Amino acid sequence: MKNKLEEILKSAINSINSSNSIDELEETRIKVLGRKGELTTILRTLGQLSPEEKTVIGKRSNEIKAEIESALENRKDKLSDAKIEQLLTEDWIDVTLDHADQSKKFKRGHLHPISAIQYEVEDIFTSMGFQILDGPEVEKDYYNFEALNIPPYHPARDMQDTFWTEDGNLLRTHTSAIQVRGMEKIKPPFRVIGPGRVFRYEATDASHENTFYQVEGMMVDRTISIADLIYFMKTLLKEIFRREVKVRLRPGYFPFVEPGFELDINCLICGGKGCPVCKQSGWVELCPCGLVHPAVLRYGNIDPDEWSGFAFGLGLNRLVMMRYGITDIRHFLSGDIRFLEQF
Amino acid sequence: MLLSLNIISELADIQGLSPDEIANRLVMSTAEIENIEYVNQHLNTVIAARIENVLPHPNADKLTLVDLDTGKDKVRVVCGAPNHKKGDIVPLASVGTKFTEEFTVKETKIRGEKSSGMLCSGKELGFSDDHSGLMILAPGTPLGIKLSELYKDWSDIRFEIENKTITHRPDLWGHVGFAREIAAIFSRKLKYIINFDIEKTFKHTDDLAVTIKDPKACFRYCGLVVKNIKIKESPDWLKAKVTAIGMRPISNIVDVTNYVMSELGEPMHAFDRKKLKGNEIIVRMATQGESFKTLDSQSHILTSDDIVIADKGGAIAMAGVMGGLDSEIDDSTTEIVLEAANFNPVLIRRTAGRFNLRTEAAVRFEKSLDPELCSAAIVRCYELIKQLIPEAEATTGIVDTYPAKPKKVEIKTTTDFIRKKIGDEITDNRIIEILTSLNFKITPSGKDLSIEVPSFRATGDVSIPDDIVEEVGRIFGYDNIKSKAPLVPCAPPDRNEKRLFERRIKSILVQDHHLTEVSNYSFVGEDLLNRIGINLDIQLRLRNPISREQDRLRRYLIPNILTNIEFNQKYFDSFRIFELGRVYIKDNRNSIELADENTRVAGASYAKEQEFPEFYIVKNIVTDLLNQLNIKNIKYAPAENDLPPYAHPARSMSISVDGNHAGIICEMHPRIMEKFGIKGGAALFDLDMDMLFISKKAGNEFTELQKYPDVPFEISVLAGKQQYVADISSIIEKISKEFIKSIDVISVYEGHPIPAGQKSVSFKIVFAAKDATLSPEQIDSLQKKVILAMDKSGFKLR
């Protein structure tokens, strides 16, 4: 009987180790450990043995059963590992590709760089309490010039070459046209910005466009000073460029401000050393600004003895060009995706 | 305007200041400088050398070999000039002399002979137009001396002033104005050059009368008769100065008048006295249609808005713009009338514009010049004439017609006001010091200032306290003002909902649907519209277009989008683009009302190769966009009629919102694809953003999760090939609003075993009740109703 047991063990282990599938293993299990299995049959006959034999054989039988079960488990694990192993090999894909069908590979969309910077500027100013205003692109002479203290035949009209429409109106030459429209709508104190498209009657080249973007800004309160204006300009530029940017404020003439300034920033293309973008000067004109002329406040029905304000007109194209090192302004309206997809 | 530092140095003490220093401070306090130019810089390396020997060139008849002594070296140069001989002292441009960016003298071989420098003509040196031979220097000129020392007047440094930045400053249109600024900025002395004492030498032996007909056209007119004039070339110093300020030397009198204009900023004119008829000069408006020949020989027909200077024979000058040909001085002139006047700036500006004669004079007069300049300019001019022609003699006094001398401009303000506007601490003393240095006369009384504006700033430039703030601020230095955050209430600003709506649209299109935003011009041209076939000539035109392609304002976004597709297909196999922008609608183009500006969002999806029609890509984008925007009452309907010419009539859908036409989704018409050379498939959308913005929005309220089970029911029917599935769905929908929860199209199939010309459409209908489980009877009844409705509408069940 003992020999028989050892034989069962031996043949079971052999057959387990030579099994190549879970099914084969199952067959072996049934053959040995099943209800009518070899080992089960032997265990059933234990009752017929003497107590001494029973102890010895019984113990051994249980050992053998455990040994076979453990061998089955081990083999099963091994087979299962092998199966997954094989699966993994078959599952190989070329992860260096972007899509099984390369024509369907993901292409993200792109916001126009002017929109992106405009939103940034809007958000920065909104966070500082500025309200966003709007105005028409085809504008009346009154709002674009007259109410900004530029009467007909004023030499300053030469500074902004104007597109005229056949009905006697014009394409706004600056977002400053939003100023008086704004004052007609809201009462001081206020802080507003007006981003938008503006037009100049100009032949295009690398640094001139007939259509570009500005953000007008205006703050009117009891005591607004040049120092306040400088604060907002510096804060804006620091936020936009995420670092301190060297600026300089020098006189500039715009009839709707008094005093008027040009705000220059240190050319970020060459770092101020001089390059074609800054015309070798190291400085780039970014933003005409100044304290609102009392006459303009009066056009907006605001008493200049009680209120004062500052205004600025920030060129968005210039800002984007500075940030990304773009040297040709014509890219913006080219509709060329090769340009647009870089942002 | 060109500013010569040589001239400045005669008007202000600039000893020890470097040109860069002066330029930088002027930029920060006064005006923009576009360029600093070293005039005739080559003179620094051109030296005087004596010809020791002249030998024939062995290989060229017209060339000579010239041996020179520079005082230090012996040099041989190959020379092509015909006029030099042994012993002459001549200008030698040594090796390395740079004449222009392109031309630097190099050691070279000319026809086999070595040449170490270049001998120069007057023209090559920049002194004259004389190119007939070498310039021969005076005997005894020290050898080796630099020509820049010999011809100091010709070595100059000039600043090119950006004219736009001095539009408001009539005083800066002459050197005196800048000299005054430099003196104020650097606290230097200003030199006064007008010598009114010279008037005492004027003889009153002659008659000249000046009549101003319209004092609103001419504010002042000064004339002076000068006899014993001899017209000749100007002396070297004057030629040098006139050249430095960008003019061509012509003759002594013309050069003097030009020089005084550049020095003082007052345009001058000299008439030939003998060509005038009578002794009276009349300033009047031209008669409508009066003809006049300017000294550039052009004839003009004047209008009654033009001012003329006239004698009894007719106009002799287009006032403030240009003199007349018939009274022009010439080589035989012996008597002149000098004119210095002051005209209405607006009239001058209009005349100059009308005849396209934006002369140096007109550009200055339109800025509102100081009328006080007139007599000063006459005196200065006479003094210089006297210097050039000692025998010249004034035979009248200054005939000065000055109908209404302007009142002094006085401004009352306080130092506190100035400090408040600047926002920085500037002492009262510093304020007064700055203003005084700019020739303002101050009468202080504590913090109150009574300020008299100097005449040259009083013609509109400085008139209110805010102007005084600028004067103080710019000399104090804007860069010296410390930035300061204002103390204001802290509150969130009003939202601009429309802007936010725009941003939301862009963000959905870019981030959720991967469209790229393009930005196109607001202009279109006839050719583009014709190509598309939408040229109804209804666009608002520009009066002054840049080009034919951009001569009117767009009424649609799509035309430019089509050119975007046309362009980008060259570089990409597929792309999606959109534009959000305004179009300009004006039906009555003659009315003065502003055009209606309609903000639209339009776009396209393009692919070289299609798996399925491009239409569906765009439809998905648009329907998702409108869903995300919560638009409440949207209707999509197949559109076959009244389509724009770029829309494919069998693949178009119109969109209405709240019952109004709000846009279109379509594939491109094959004909337009062909015209634009677009290969592949392209679908477009165009939506009225303003309408979407104002449309009713669906509420965003939570619906309690459904408690009772769904009962799905699938059904397939046969339909005609061109039967819109949406129509079948809506038949089903009508069966029960209460119990039909959803209807989805699972599949549409054509082909075997479906009969030709037909398709099979499978729906999954979900029945459910809100408040109970549907009973088997209810379900059965609903199913039967669906089947019956299909049958009744002619859709056979499969």
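So, here is what we can say about the structure in this document.

What counts, and at which threshold
Residues numbered from 1 in each chain as written. Chains lettered and ligands numbered in written order. Predicted model: local features only at pLDDT ≥ 70, side-chain atom pairs only at ≥ 80, totals over all residues. Heavy atoms only, no water. Helix = DSSP H or I, 4+ residues; strand = E, 2+ residues; numbered from the N terminus. Rg over C-alpha atoms; globule rule 2.2 N^0.38 Å. Contact = heavy atoms within 4.5 Å. Disulfide = S-S within 2.5 Å. Buried < 20%, exposed > 50% of the residue type's maximum accessible area, 1.4 Å probe, protein only. Pairing = 2+ DSSP bridges. Axes fitted to C-alpha atoms, helices over the stretch in contact; angles between N-to-C directions. Patch = residues over 30% accessible without salt bridge, like charges linked within 9 Å, V, L, I, M, F, W, Y side chains within 5 Å. Areas by Shrake-Rupley, 256 points an atom, 1.4 Å probe, with all protein chains shown as cover. Salt bridge = Lys/Arg side-chain N within 4 Å of Asp/Glu carboxyl O. Lys, Arg positive; Asp, Glu negative; His and termini not counted. Charge placed at Lys NZ, Arg CZ, Asp CG, Glu CD.

Brief notes about the overall build of chain A
Turning to step 1, where the next piece is worked out: Scanning chain A from N- to C-terminus turns up eleven helices and nine strands.
Turning to step 2, where the next piece is worked out: Taken against the 2.2 N^0.38 rule, which gives 20 Å for 343 residues, the C-alpha radius of gyration of chain A at 42 Å runs more than 25% over that of a compact globule.
Turning to step 3, where the next piece is worked out: Principal axes of the C-alpha set define a box for chain A whose edges measure 130 × 45 × 45 Å.
Turning to step 4, where the next piece is worked out: Pairs at least 24 residues apart make up 67% of the contacts formed inside chain A by residues separated by at least 6 positions.

Re the state of the cysteines
Turning to step 1, where the next piece is worked out: The full count for this structure, using the stated rule, is zero disulfides over all chains.
Turning to step 2, where the next piece is worked out: Here Cys278 of chain A is not disulfide-linked; the sulfur of Cys270 of chain A is the nearest cysteine sulfur, at 3.7 Å.
Turning to step 3, where the next piece is worked out: Under the relative-accessibility criterion, Cys278 of chain A is labelled buried at 3%.
Turning to step 4, where the next piece is worked out: Summary of cysteine pairing: Cys222 of chain B is not part of a disulfide, and the nearest cysteine sulfur, belonging to Cys374 of chain B, is at 5.0 Å.

Side note on the sheet that holds strand 7 (residues 257-266) of chain A
Turning to step 1, where the next piece is worked out: The sheet built from seven strands is open, its strands ordered 1-4-5-9-8-7-6 (chain A) with mixed pairing. If you trace the sheet from one side to the other, it starts and ends with strand 1 (131-132) and strand 6 (247-251) of chain A, each paired once.
Turning to step 2, where the next piece is worked out: Pairing between strand 5 (residues 211-221) of chain A and strand 9 (residues 308-315) of chain A: eight bridges, direction antiparallel. Of the residues in strand 9 of chain A, the one forming a bridge with Val215 of chain A is Leu314 of chain A.
Turning to step 3, where the next piece is worked out: Against the sheet, helix 10 (residues 316-324) of chain A engages strand 5, strand 7, strand 8 (283-292) and strand 9 of chain A, with an angle of about 55° to strand 9 of chain A.
Turning to step 4, where the next piece is worked out: Of the strands in this sheet, strand 6 and strand 7 of chain A are in contact with helix 13 (residues 465-476) of chain B, which crosses strand 7 of chain A at around 35°.

Observations concerning a negative patch on the surface
Turning to step 1, where the next piece is worked out: A contiguous patch of negative charge, built from Glu69, Glu73, Asp77, Asp81 and Glu85 of chain A, is present on the exposed surface.
Turning to step 2, where the next piece is worked out: Take Asp77 of chain A: it is sitting in helix 4 (residues 51-90).

A closer look at the pairing of strand 4 (residues 60-69) of chain B
Residue and element names in this part refer to chain B.
Turning to step 1, where the next piece is worked out: Burial runs high along strand 4: seven of the ten residues are buried.
Turning to step 2, where the next piece is worked out: The pairing of strand 3 (residues 46-57) with strand 4 spans seven bridges and is antiparallel. The residue bridging Asn53 from the neighbouring strand is Asp67, located in strand 4.
Turning to step 3, where the next piece is worked out: Hairpin geometry of strand 3 and strand 4 is characterised by an intervening segment of two residues between the two adjacent antiparallel strands.
Turning to step 4, where the next piece is worked out: Across six bridges, strand 4 lies against strand 5 (residues 74-79) in antiparallel orientation. Opposite Leu68, over in strand 5, you have Val75 as the bridge partner.
Turning to step 5, where the next piece is worked out: With antiparallel pairing between neighbouring strands as the criterion, strand 4 and strand 5 make up a hairpin whose turn holds four residues, including Gly71 at a positive phi of roughly 90°.

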